[in-house]
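Spelled out from the first residue to the last, the chains are:
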Amino acid sequence: MDEPATGTGRGRASGDATAGDATAGGGPVLRVALLGCGVVGSEVARQLQEQQDELAARVGARLELVGIAVRRPGRTRAAGVDPSLLTTDADELVTRADLVVEVIGGIEPARGLVLRAMEHGASVVTANKALLAEDGPRLYAAADAAGVDLYFEAAVAGAIPIVRPLRDSLVGDRVERVLGVVNGTTNFVLDQMDTTGADLGDAVQEAQSLGYAEADPTADVEGFDAAAKAAIIASLAFHTRVRAADVHREGITAVTAADVAAAREAGAVLKLLAICERTGGGDGPDGAPEGVSVRVHPAMVPREHPLAGVRGAYNAVFVEARGAGSLMFYGQGAGGAPTASAVLGDVVAVARHRVGGGRGSSESAYADLPVRPMGEAVTRYHVRLEVHDRPGVLAQVAQVFADHGASVETVRQTPLGGDAQGAAALVVATHEAPDAALAATVEALAASSAVLGVTSVLRVEGV
Ligand SMILES: NC(=O)c1ccc[n+]([C@@H]2O[C@H](COP(=O)([O-])OP(=O)(O)OC[C@H]3O[C@@H](n4cnc5c(N)ncnc54)[C@H](O)[C@@H]3O)[C@@H](O)[C@H]2O)c1
Ligand SMILES: N[C@@H](CCO)C(=O)O
Ligand code: NA
């Protein structure tokens, strides 16, 4: 590792003065390198500058921004970004820093740079959910090998403190389940569909025009962004390695106005949820071995559930823990300033370790629980069917549920008028059952001679 110029050894700030001198211009200094200067990076740079005295007082050392790695140095930058700090040589920059903040995003070159930074003795703060959900264990191992910190509060739900609560505050408890609205773009889209009756395409366009959704909104609407966050949450909550590829993922692209209306009629609202929960382990109905279920899909949430009140582009994470009970973390999951808040919180935390010694926790994956397939997840379905309105049809439909081991909780029948004379709408809510059984039920219903059409199939959570 490259030692700081007048350093007192690995993990210490350079300079001989005591922490109390930090704001006086002398005193210890920590060199910070910023990788990426986009939405988040430019705000991190600005705030590091703007709050330098206060941050120095909080850390006990001055945080000196020594360089900002960018792709295009000639580009016009946000106010507060010092052009003299820009460099295209990120490889070199990370070798002369005590703290590296990675806000480039994606897998490469971010991964290579983070690993190189740690090899050179720098602690790393990153907002990169994709990288952590793809290769988190390797990053933790590199941090351990180098004796440095790896912090990533901004990677899940932006400004909302959820990584550190799971990693530290709740580590003495047993987390049973986490339900999260962790993607602002899709929450905005579903909220628009619910409140204005907009269809999916129009709502996505509106999200784009307001700057929530990217020009290519695939990562959001197809659930990739939420799946990466779910993997990170589940890894922390259950002390188990969960990667993005382990997460069952359904986005919102198949959500229709009929689904939104069906949810509304049922006194519920549709949310794209990240669901991380323990399964099996002896108290389940089938004596299945203990495991975890990690999934992202649209779900109906009763309007009285705290997550139903998460409107617009806001995020929230609802945690159920054995001792703590239910906890709700709510706030802004995206945007430059909110995300930079989480990044700077991590910067201060790792900088304090540099000054005072110590490190944040390493990877905790001792439980090593298997990630169960989606078919084994225990869910409830809310199914809307259109059926022939004639004797015996209800019995026929009920039999399909029974044949697949799916138990019906309520059925509501409404005659369909107009062109659909002789037809009725049936809304069936099930009890809990394995997702595979419920999916097979729906498939059989669609093929049944009693059924004219299955118009909406939604999973129900939070009841
Ligand atoms: N924007 C948000 O609201 C938000 C919220 C939470 C987490 N994040 C995460 O923060 C990270 C950054 O997101 P963003 O929204 O700021 O993205 P962005 O696209 O606005 O910024 C990334 C910047 O990195 C630059 N870059 C690309 N390759 C580079 C390289 N080799 N060297 C130097 N710079 C390079 C790009 O030119 C771009 O300016 C991502 O991991 C993202 O998932 C973003
Ligand atoms: N695209 C993400 C931003 C932060 O991950 C969202 O819409 O929530
Ligand atoms: Na966060």
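Residues numbered from 1 in each chain as written. Chains lettered and ligands numbered in written order. Predicted model: local features only at pLDDT ≥ 70, side-chain atom pairs only at ≥ 80, totals over all residues. Heavy atoms only, no water.

An unreviewed UniProt entry annotates the protein chain as Homoserine dehydrogenase originating from Pseudokineococcus basanitobsidens. As stated in UniProt under Function (unreviewed entry), the record for the protein chain gives "Catalyzes the conversion of L-aspartate-beta-semialdehyde (L-Asa) to L-homoserine (L-Hse), the third step in the biosynthesis of threonine and methionine from aspartate." (UniProt positions renumbered as here; feature names shortened; annotations may be inferred.)

Colleague: Before we move on, could you go through the pairing of strand β1 (residues 29-35) and cite the residues and values that matter?
Modeller: In terms of burial, β1 is largely enclosed, as 7 of its 7 residues are buried. Along β1, one buried face is formed by V29, R31, A33 and L35 and the opposite face, lined by L30, V32 and L34, is buried too. As judged from the 7 bridges shared by β1 and strand β2 (residues 62-69), these two strands associate in the parallel manner. Residue A33 lies in a different strand from β2, and its bridge partner there is G67. (Buried < 20%, exposed > 50% of the residue type's maximum accessible area, 1.4 Å probe, protein only. Helix = DSSP H or I, 4+ residues; strand = E, 2+ residues; numbered from the N terminus. Pairing = 2+ DSSP bridges.)

Colleague: Can you break down the nonpolar core residue by residue, with the values?
Modeller: Among soluble globular proteins, nonpolar side chains are generally buried collectively. Judged by nonpolar contacts, the single largest core of 84 residues is most densely connected at V100, M118 and F152. Here this core takes 11 residues from helix α10 (residues 224-238), the largest share from any one element. Both domains that furnish three or more residues to this core are identified here as domain 1 (17-158 + 339-356) and domain 2 (163-332). With residues near it in sequence (within four places) discarded, F152 still touches T126, L132, Y140, V163, R167, I232, L236 and D346. (Core = buried A, V, L, I, M, F, W, Y, C linked by side-chain atoms within 4.5 Å. Domains from an automatic or database assignment. Contact = heavy atoms within 4.5 Å.)

Colleague: Quick one: what's the story with the site of ligand 2, residue by residue and with numbers?
Modeller: All residues in the neighbourhood of ligand 2 are listed as K129, N183, G184, T185, D220, D225, K229, G333 and A334. T185 places a polar side-chain atom, nitrogen or oxygen, 2.6 Å from an oxygen atom of ligand 2. K229 is positioned such that a nitrogen or oxygen atom in its side chain is 2.8 Å from an oxygen atom of ligand 2. About the coverage of ligand 2: the protein hides 83% of its 260 Å² of free accessible area. (Near = heavy atom within 4 Å. Polar contact = N/O pair within 3.5 Å; in protein donor to acceptor, adjacent residues only side chain to side chain. Areas by Shrake-Rupley, 256 points an atom, 1.4 Å probe, with all protein chains shown as cover.)

Colleague: Which residues make up the pairing of β2, and what values do they have?
Modeller: A large share of β2 lies buried, amounting to 6 of its 8 residues. Two elements, β2 and strand β3 (residues 86-87), share 2 bridges in a ladder whose sense is parallel. Considered in β3, the bridge of I68 is made with L86.

Colleague: Describe the packing of aromatic side chains, and please don't skip the residues or the numbers.
Modeller: Under the definition given, this model contains 3 aromatic pairs. Seen from their ring centres, Y140 and F152 are 6.2 Å apart, and the 80 degrees between their planes marks the pair as edge-to-face. On the criterion of sequence distance, the pair formed by Y140 in helix α5 (residues 129-146) and F152 in the loop between β6 (150-151) and α6 (163-169) is long-range, its members being 12 residues apart. Take Y140: its relative accessible area is 11%, and that puts it in the buried class. Ring plane angle 5 degrees and centroid distance 5.2 Å describe the contact between Y314 and Y330, whose orientation is recorded as stacked. Separated by 16 residues along the polypeptide, Y314 in strand β11 (residues 314-321) and Y330 in strand β12 (residues 325-332) bring together distant segments of the chain. In this structure, R167 is placed above the aromatic ring of Y151, and the distance from its NZ or CZ to the ring centre is 5.1 Å. Cation over ring: R249 sits above F224, and NZ or CZ is 3.7 Å from the ring centre. (Phe/Tyr/Trp six-rings, centres within 6.5 Å; stacked < 30°, edge-to-face > 60°. Lys NZ or Arg CZ within 6 Å of the ring centre and 35° of its normal.)

Colleague: Give a detailed account of the coordination of the sodium ion (ligand 3), specifying residues and quantitative values.
Modeller: Those protein atoms acting as donors to the sodium ion (ligand 3) are E153 (O), E153 (OE), V156 (O), G158 (O) and I160 (O), and they sit at 2.4 to 2.6 Å. Each donor residue of the sodium ion (ligand 3) lies on the same chain, and together they follow the pattern E-x2-V-x1-G-x1-I. Like I160, V156 is buried. (Donors = N, O, S within 2.8 Å, 3.2 Å for Na, K, Ca; no water.)

Colleague: Mind laying out the domain arrangement of the protein chain, listing which residues take part and the relevant values?
Modeller: Accessible area lost upon the coming together of the parts is a frequently used measure of interface size. Annotation of the protein chain at the domain level lists domain 1 (17-158 + 339-356), domain 2 (163-332) and domain 3 (375-460). Between the C-alpha centres of domain 2 and domain 3 the distance comes to 25 Å. Across the contact, 16 residues belong to domain 2 and 11 residues belong to domain 3. Considering only the side of domain 2, the residues that lose the most area to domain 3 are D259, E265 and M300, jointly responsible for 40% of the buried surface there. Across the domain 2-domain 3 interface, the total number found is 2 salt bridges. Between R412 and E265 there is a salt bridge whose closest N-O contact spans 3.6 Å. Where domain 2 packs against domain 3, one counts 3 residue pairs in polar contact (both at pLDDT 80 or more). (Buried area = accessible area lost by both parts, 1.4 Å probe. Salt bridge = Lys/Arg side-chain N within 4 Å of Asp/Glu carboxyl O.)

Colleague: A description of the environment of S326 should follow, citing residues and the corresponding values.
Modeller: Here S326 lies in strand β12. Aside from chain neighbours lying at most four places away, what touches S326 is F318, V319 and E320.

Colleague: Which residues make up unusual backbone geometry, and what are the values?
Modeller: Each neighbour pair has its own omega, and for E108 with P109 the value is 10 degrees, a cis peptide bond. In this structure, A157 is a non-glycine residue whose phi angle is positive, near 55 degrees. Tracing the backbone through its elements, the reader meets A157 in the loop between β6 and α6. A relative accessible area of 0% places A157 in the buried class. The backbone of H239 sits at a positive phi, close to 55 degrees, despite the residue not being glycine. Summarising the element assignment, H239 is placed in the loop between α10 and β8 (248-249).

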